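Reading the structure
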Amino acid sequence: MDSTADISIGQVVKSRAGRDKGRIFLVYEIADEQYVYIVDGDLRRLDSPKKKKIKHLIVFNTVLPEFKEKIENSVKINNSYIRKILEPFNKSF
């Protein structure tokens, strides 16, 4: 996958390259055709999301609709909320 056309906010992704290789993240924002901002609430918090190329991510089909709604509606969320919703994915992947 080389473009952000098939990616949406709240999609679960896994890093395949870099220092964060193997970690599970959520897509927080789509920057442009090749880059997205990702967060996990731990290493990459909401106040400093990681800008990452799509080709360095494994994209899963899972989109967390409650996270997507909160981001799109500008509802205040915190890092512990992100860690909590990513917990099942960290255990299974």
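Residues numbered from 1 in each chain as written. Predicted model: local features only at pLDDT ≥ 70, side-chain atom pairs only at ≥ 80, totals over all residues. Heavy atoms only, no water.

Further remarks concern the overall build of the protein. Within the protein, the regular secondary structure consists of 2 helices and 5 strands. Listing every helix and strand of the protein by position from the N terminus yields β-β-β-β-β-α-α. What you see for the protein is a C-alpha radius of gyration of 12 Å, in line with the 12 Å of a compact globule of 93 residues. By principal-axis analysis of the C-alpha atoms, the protein measures approximately 30 × 25 × 25 Å. The buried share of the protein, reckoned over its 93 residues, is 37%. Counted over contacts in the protein with a minimum sequence separation of 6, partners at least 24 positions apart contribute 52%. Put simply, the protein has 18 plus and 13 minus side-chain charges, and the middle of one group is 7 Å from the middle of the other. (Helix = DSSP H or I, 4+ residues; strand = E, 2+ residues; numbered from the N terminus. Rg over C-alpha atoms; globule rule 2.2 N^0.38 Å. Buried < 20%, exposed > 50% of the residue type's maximum accessible area, 1.4 Å probe, protein only. Contact = heavy atoms within 4.5 Å. Lys, Arg positive; Asp, Glu negative; His and termini not counted. Charge placed at Lys NZ, Arg CZ, Asp CG, Glu CD.)

Bringing the nonpolar core into the picture now. Nonpolar side chains tend to gather and get buried jointly when the protein is soluble and globular. Counting 15 residues, the largest nonpolar core has Val-12, Leu-26, Leu-64, Phe-67 and Ile-82 as the members making the most contacts within it. At the level of elements, strand S2 (24–30) and helix H2 (79–92) are the ones that each hand at least two residues to this core. In terms of residues, this core owes the most to one element, H2, which gives 5 residues. Residues within four places of Leu-26 in sequence aside, it is in contact with Gly-10, Gln-11, Val-12, Tyr-37, Ile-38, Val-39, Leu-64, Phe-67, Ile-82, Ile-85 and Leu-86. Listed in part, the 8 residues of the second largest apolar core include Ile-7, Val-13, Val-36 and Ile-54. (Core = buried A, V, L, I, M, F, W, Y, C linked by side-chain atoms within 4.5 Å.)

Two pairing modes exist for strands in a sheet, parallel and antiparallel, and in both the strands are linked by backbone hydrogen bonds. If you walk across this open sheet you meet the 5 strands as S4-S3-S2-S1-S5, and the pairing is antiparallel. In this open sheet, the two strands that pair with only one neighbour each are strand S4 (50–53) and strand S5 (57–63). The average angle at which neighbouring strand axes cross in this sheet is 45°, direction not considered. Across 4 bridges, S2 lies against strand S3 (residues 35–39) in antiparallel orientation. Residue Val-27 lies in a different strand from S3, and its bridge partner there is Ile-38. Helix H1 (residues 65–72) rests against S2, S3 and S5 of the sheet, and its axis sits at about 30° to S2. Sitting on the sheet, H2 touches strand S1 (11–15), S2, S3 and S5, and the angle it makes with S2 is about 130°. (Pairing = 2+ DSSP bridges. Axes fitted to C-alpha atoms, helices over the stretch in contact; angles between N-to-C directions.)

This next bit is on the pairing of S1. Of all 5 residues that make up S1, 5 are buried, and the element is covered over most of its length. Residues Gln-11, Val-13 and Ser-15 point to one face of S1 and Val-12 and Lys-14 to the other, with burial holding for every one of them. Bridge count between S1 and S2: 3 bridges; the pairing is antiparallel. Opposite Val-13, over in S2, you have Phe-25 as the bridge partner.

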